[in-house]
Structure formats: structure tokens, C-alpha cells
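# A structural walkthrough
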Amino acid sequence: MRALALLLLWTCAASAQGVEAFAGLYGSASDPATSCAANPHRIDFIAQPPHAFLTWQTPWIDAQGAEITMRRFDLEAIEGRKLTLREEGGARLADGSRPTWVLRLTTAPAGYCWGRADWPVVRCENQQVLCSAPTS
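Every chain begins its residue count from 1, and numbering advances along the sequence as written. Owing to the predicted nature of the model, reporting of local features is limited to residues with pLDDT of at least 70; listing and counting of side-chain atom pairs is limited to 80 or more, with chain, interface and lining totals taken over all residues. As a rule here, side-chain values come from all non-hydrogen atoms in the structure, and water together with hydrogens is ignored.

### Regarding the side chain of His51
Applicable threshold: Working definition: helices are DSSP H or I runs of at least four residues, strands are E runs of at least two. Numbering for both runs from the N terminus. Throughout this description, a polar contact denotes any pair of N or O atoms lying within 3.5 Å of each other; where both atoms belong to protein, one of them has to be capable of donating a hydrogen while the other can accept it, and for residues adjacent in sequence the pair is counted only when both atoms sit in side chains. The contact criterion used throughout is that any non-hydrogen atoms of two residues lie within 4.5 Å.
Assignment of secondary structure puts His51 in strand β3 (residues 51-61). Within the structure, His51 has its side chain in polar contact with the backbone oxygen of Pro49 (distance 3.0 Å). The residues contacting His51, other than those within four sequence positions of it, are Asp44, Phe45, Ile46, Arg72, Phe73, Asp74, Leu75 and Glu88.

Structure follows, in C-alpha cells:
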């Protein structure tokens, strides 16, 4: 029983440390309206329930024409430099399910890009660049 308790504590601590690598201020590498200079977004996390939040200072219009200031994702997994997420209230696939998104940290440039579980692993789109180091 004690070993199980220690394992659970270790897992929670590892998860908290894991998301710290993803927290920070990011801007689009290709969209001037959501770039670091114009309207960057912050990635933050909560542990219970595990969620990731992308928050912009000012609203912007997404591809569907909706005004966006925040996106909330269920955090399903942390694997090294990759998060597996499902957007709450996001677009649906043809079968009605929510897509499983993959946020991958990148090094050149420092930031992240988006993939999907049903895409080839090498496909990573919508490059975002790190604007600043995370702050607490």
C-alpha cells in the first residue's frame, strides 16, 4: 500500500514538472494578428481536473469566424516534449467525436506546433514561437 501511495505521489510530481516545460507566452510564426508583437497567447495548466488553457490578451477571429480569447483543453497525456489534448467545445470530426490534438515542443524555432493523433507523426502545423520565458 505504501509503495502505491509513493508511486501516485511521484506520478503527480512528474506530471506537474512535465507541464512546466510547456507553460509560457507564445505567438504565431505566420499570422501577424496573433504574433508575439501583436497578440500573443499564454499557456497555463491546472491539475484537477487536468486542463491546459491558451489565453490571448485581446480577441481574435478564428478560421470559423468565432471571436476567441481562450481555448480550454482536457489534458490526456504528457509524453516528454508532447501533450495529448482534446479541446472542450472545439470542432468535431465527421463521426461526431472531438479530435485528439498533439502539441509538440519545437527547438528551431523554440516554441510548439500542432499535430493530430490521426495525422502522420511528421505533420506538425501552425508553428508558434516562444515570446518569453514562463513566469509564475
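### Examining the state of the cysteines
Here is the rule we go by: Here, a disulfide means two cysteine sulfur atoms that sit within 2.5 Å of each other. Burial status follows relative accessibility: with a 1.4 Å probe on protein chains alone, a residue under 20% of its type maximum counts as buried, one over 50% as exposed, and anything between as partly exposed.
Applying the stated criterion across every chain, the model contains two disulfides. Paired through a disulfide, Cys36 and Cys131 show a sulfur-sulfur distance of 1.8 Å. Looking along the S-S bond of the Cys36-Cys131 disulfide, the torsion reads about -90 degrees, which is the left-handed sense. Here Cys36, found in the loop between β1 (24-28) and β2 (41-46), pairs with Cys131, found in strand β8 (residues 125-132); they are 95 residues apart in sequence, far enough to count as distant. With relative accessibility at 30%, the residue Cys36 sits in the partly exposed group.

### Some details on the nonpolar core
So the rule is basically this: Remark: nonpolar core denotes a set of buried residues (Ala, Val, Leu, Ile, Met, Phe, Trp, Tyr, Cys) joined through side-chain atoms within 4.5 Å.
Within the largest apolar cluster, 21 residues are counted, with the highest numbers of intra-cluster contacts made by Phe45, Leu85, Leu103, Tyr112 and Trp114. Secondary-structure elements contributing two or more residues to this core are β2, β3, β4 (67-79), β5 (82-87), β6 (101-107) and β7 (110-116). Tallying contributions element by element places β3 first for this core, with four residues. If we skip the residues at most four places from it in the chain, Trp114 touches Leu54, Phe73, Leu85, Trp101, Val102, Leu103, Trp119, Arg123, Cys124, Glu125 and Asn126.

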